[in-house]
Amino acid sequence: MTKKIETVVTKQRKTFKDYVHLTITEGPQVYILNVIKGRLYPDKKTMNPTYEPYPTKEEAVDRLNERAYGLRAKGFAEEPTDVLFQIKEKELYVFDKAKWHYEGDFPQELDIFQADVPTGMFVAWVIKNDLLRKQSRKRDLPDIELVKRDEMTGAQFFRTNWDGVLTSNELSDEADAFAREYLNIHNDIYTATDFAELLAAGLPTIYHVEDTIENYRIIEPVISERYRVWKRDKHT
């Protein structure tokens, strides 16, 4: 087996390390120098890859060595490749699945889409406050803009784009931390208190709440106030 040719160099900053990972891969009649730049934080890693093709292995190796030498001259130091894989993966947290509702004690006379409405309104709030994770913003940009313009409801977005499943993968770090308290099923602040009391009062169940922009506007300031208080308490 051919030994993999790679080098990792890093430079310590105040709260993170800059890194450059140089590695060579062999393709059909070409050698690729992969140049992956990014930052190593205590809890995450960023990546920005570029690729340089060379007709021979020798040229690719020479270029790798040249780039590594230049980086060392700028204060980078070589490290074992293990440094790139020491960051603990963030735990995936599932906040809600629509099927948990419509497969449970769900009113038979309603369309199962109604199971998306409660969490969908929280999703709309997250979108309108720019609290999605970067990957979600890129992937779902067209429909995000529709939600922001009130041309698509949060529940419609929740069903269409996320298949009725809300996880920590979709939220920014701050929104994730907030949701772990606000949507926590043991506390049930959002569904049983805010949503039920504001929108479902007088209705048979929370699933009877209509999926309308008007209903979202009723609950929006309440979620925002919960978020404001949560941020205040977090920093005191």
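In short, a report on the structure. Keep in mind the model is a prediction, meaning the values are calculated, not measured. (Residues numbered from 1 in each chain as written. Predicted model: local features only at pLDDT ≥ 70, side-chain atom pairs only at ≥ 80, totals over all residues. Heavy atoms only, no water.)

**Re the overall build of the protein**
Reasoning step 1: Helices and strands together make up the secondary structure of the protein, namely nine helices and seven strands.
Reasoning step 2: For a compact globule of 236 residues, the expected C-alpha radius of gyration is about 18 Å, and the protein comes in at 24 Å, more than 25% above that figure.
Reasoning step 3: A separation threshold of at least 6 residues defines the contact pool for the protein, and within that pool the share at least 24 residues apart is 60%.
Reasoning step 4: Summed over its atoms, the accessible surface of the protein is roughly 13,900 Å², and 51% of this surface lies on carbon and sulfur atoms.
Reasoning step 5: One finds the centroid of the 35 positive side-chain charges in the protein at a distance of 9 Å from the centroid of its 41 negative side-chain charges. (Helix = DSSP H or I, 4+ residues; strand = E, 2+ residues; numbered from the N terminus. Rg over C-alpha atoms; globule rule 2.2 N^0.38 Å. Contact = heavy atoms within 4.5 Å. Areas by Shrake-Rupley, 256 points an atom, 1.4 Å probe, with all protein chains shown as cover. Lys, Arg positive; Asp, Glu negative; His and termini not counted. Charge placed at Lys NZ, Arg CZ, Asp CG, Glu CD.)

**What to know about the packing of helix H3 (residues 117-128) against helix H6 (residues 154-162)**
Axis angle and axis distance: for two packed helices, these are the angle between their axes and the distance between the axes, and together they describe the pair.
Reasoning step 1: Interhelical geometry of H3 versus H6 gives an angle of 95° and a closest axis separation of 7 Å. By the angle class used here, H3 and H6 are roughly perpendicular. Contact residues: H3 offers Val117, Thr119, Gly120, Val123, Ala124 and Ile127, while H6 offers Gly154, Ala155, Phe157, Phe158 and Trp162.
Reasoning step 2: Residues that form the contact of H3 with H6 fall into these classes: eight nonpolar, three polar and no charged. (Axes fitted to C-alpha atoms, helices over the stretch in contact; angles between N-to-C directions. Parallel < 35°, antiparallel > 145°, perpendicular 65-115°, else oblique. Nonpolar A, V, L, I, M, F, W, Y, C, P; charged D, E, K, R; others polar.)

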